Amino acid sequence: MTGAGPLPVAVVAGLHVDARRAAVDRLLATVPGSVALHHDLASAPAGTVRRTVRDARSVLDQGEAPLVNDCACCALREDLVPELNRLAAAGCQLAVVELWDSVEPQAMAEVVAAHSGTELRLTAVLTAVDPALALPYLSCGDDLAEVGLAAAASDRRTVADTFARQLEYPPVLVLVEDGPAAGSGTGVSDDGDPGDGRAMPGGGPYPAGARRTGAAPGPAGTAEPADPADPTDLALLRQLHPTARTVPVDSPELAEVVTAGFDVAAAADRQHPACALLPQAADEEGVTTVVWHRVRPFHPGRLYAALEELTCAAVRSRGRFWLADRPDTLLSWDAAGGALCVESAGPWLAALPDAAWELVPATRRVAAALDWDPEHGDRAQHLTFTSPGLDADQLTALLESCLLTDAEYAAGPEAWRGLSHAFDDLLDPVC
């Protein structure tokens, strides 16, 4: 434990390896007594996760943690807190947890927060981003396993949806626009060599299958730099996460935000489909965000038939919706890189008995009250679509065509339950 109290812990995430490393290096160079802890999951096929502890000058310690149930992320969870406690006992002033490429910050932030107390205190969660690479990563539907970034054998995530969650969870984004040298205070890699020079699998500076104008993968083992960030890249980041505080990597603010404090419960609420802080309508620098809100239910068959076109209409879309044949179920919509995930997020509050409302978090009740309809309660279609070159009129027309027609709507809820159960392949069958 530090002399002033619990050890402050800052979590730094990001699929953009050079940007993440630059942010960590900058913190080590500017915050006295800071130490970085990194678990490299690339060694998982050999049955271990490699742990490295370093400061601004050199690697201080290295070790290995065995896999837990063949899961590299499980090994990370098991090893993380004991290592942080050891750093606290050694008098470290700030622990910077540098997450491996595809590890998402929410899970690790919740692990640290669950063990916060007299020894540890989670004070910040950041994602480091190279704005010039945001669009290529959001456009990449490759499975993480295809590009060597899966955290477990069962990992079915894609590059795009992983990057989207890394981007949207933290309240702070660190912008690194000048490559690996930006803000760098050390250039020390995990093995002690100056700069690791890692590129994405496939030889490029971004995932295989993603393309950005002016940037293309070079020969295997090399990487041509992407174009510098332009106003479109920055507009995309602003629209995807409008409430984020953006901090340039070389700004003095970076050293300040890592001890500002972090509310894990509030962060989780911001991601829950029922009360998520979704993007707002915007149109700037060629990037458009469409916010589509209706109370009438979707026709399950027509929406299912339009899923592919809707999913590919924008590089990122998310929100909540309801189907006429499942009036009690709040469904989440989460799409990136041409891949869509539809899941049940539990019941709508309007479907619960009054006595059950006391068991629902206050943030959920407030969100429902703000969106309450006299007939349907909190049931609503609330979807957002963000993308460069988005055809808003065409998208809106397609969404409108998937709603119940006036005649179908007039038939009433009992008739709705008899509509085609087209989503039975994606969700539990309608009973």
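Read on for an overview of the structure. If you're wondering where the values come from, they're calculated on a predicted model, not measured in any experiment.

Conventions we followed
- Residues numbered from 1 in each chain as written.
- Predicted model: local features only at pLDDT ≥ 70, side-chain atom pairs only at ≥ 80, totals over all residues.
- Heavy atoms only, no water.
- Helix = DSSP H or I, 4+ residues; strand = E, 2+ residues; numbered from the N terminus.
- Expected span 1.5 Å × (residues − 1).
- Buried < 20%, exposed > 50% of the residue type's maximum accessible area, 1.4 Å probe, protein only.
- Arc of directions from axis to C-beta.
- Pairing = 2+ DSSP bridges.
- Axes fitted to C-alpha atoms, helices over the stretch in contact; angles between N-to-C directions.
- Contact = heavy atoms within 4.5 Å.
- Parallel < 35°, antiparallel > 145°, perpendicular 65-115°, else oblique.
- Left-handed = near helix turned anticlockwise from the far one by under 90°.
- Nonpolar A, V, L, I, M, F, W, Y, C, P; charged D, E, K, R; others polar.
- Core = buried A, V, L, I, M, F, W, Y, C linked by side-chain atoms within 4.5 Å.

A few words now on helix α9 (residues 300–311). Counted at 1.5 Å a residue, the expected span for α9 with its twelve residues is 16 Å, and the 16 Å between its end C-alpha atoms agrees. All buried positions along α9 are accounted for by Pro300, Leu303, Ala306, Leu307, Leu310 and Thr311. Along α9, the residues classed as buried sweep out an arc of 160° about the axis, all on the same side. Facing away from the buried side of α9 by more than 90 degrees, the exposed set consists of Ala305 and Glu308.

So, on to the sheet that holds strand β5 (residues 94–98). Pairing is mixed across the open sheet formed by eight strands, whose spatial order is β4-β3-β2-β5-β1-β6-β7-β8. Each edge of the open sheet carries a strand with a single partner, namely β4 (59–66) and β8 (245–248). Averaged over all adjacent pairs, the angle separating strand axes in this sheet is 25°, with direction ignored. Contacts between helix α1 (residues 17–30) and the sheet are confined to β1 (7–13), β2 (34–40), β3 (48–54), β5, β6 (120–129) and β7 (172–175), with β2 contributing the most and set at about 155° to the helix.

By the element assignment, His16 lies in the loop between β1 and α1. Beyond its immediate sequence surroundings of up to four residues, His16 is in contact with Ala128, Val129, Asp130, Leu133, Ala134, Tyr137 and Phe163.

For the rest of this paragraph, the subject is the packing of helix α3 (residues 105–114) against helix α8 (residues 264–271). α8 packs onto α3 with a crossing angle of 155° between their chain directions and a minimal axis gap of 10 Å. Between α3 and α8, the angle is such that the two are roughly antiparallel. For the element pair α3 and α8, the recorded crossing hand is left-handed. Taken together, the residues of α8 that come into contact with α3 (itself represented by Gln106, Ala109, Glu110 and Ala113) are Val264, Ala268 and Gln271. For the contact of α3 with α8, the class distribution of residues is four nonpolar, two polar and one charged.

Counting residues in each nonpolar core, the largest one holds 64 residues, and the members touching the most others are Leu84 and Leu87. Ignoring any residue separated from it by four or fewer positions in sequence, one finds Leu87 in contact with Leu7, Val35, Leu37, Val53, Cys92 and Ala95. Of all hydrophobic cores here, the second largest spans 25 residues; its members include Ala306, Ala314, Val342 and Leu383.

Here the focus is the packing of α9 against helix α11 (residues 392–401). It is at 9 Å that the axes of α9 and α11 come closest, and there the two elements cross at 160°. Relative to α11, the element α9 is oriented roughly antiparallel. Judged by the twist between their axes, the crossing of α9 over α11 is left-handed. Here Arg302, Ala306, Glu309 and Leu310 of α9 lie close against α11, whose contacting residues are Gln394, Leu395, Leu398, Leu399 and Ser401. Within the contact of α9 with α11, the residues separate by chemical class into five nonpolar, two polar and two charged.

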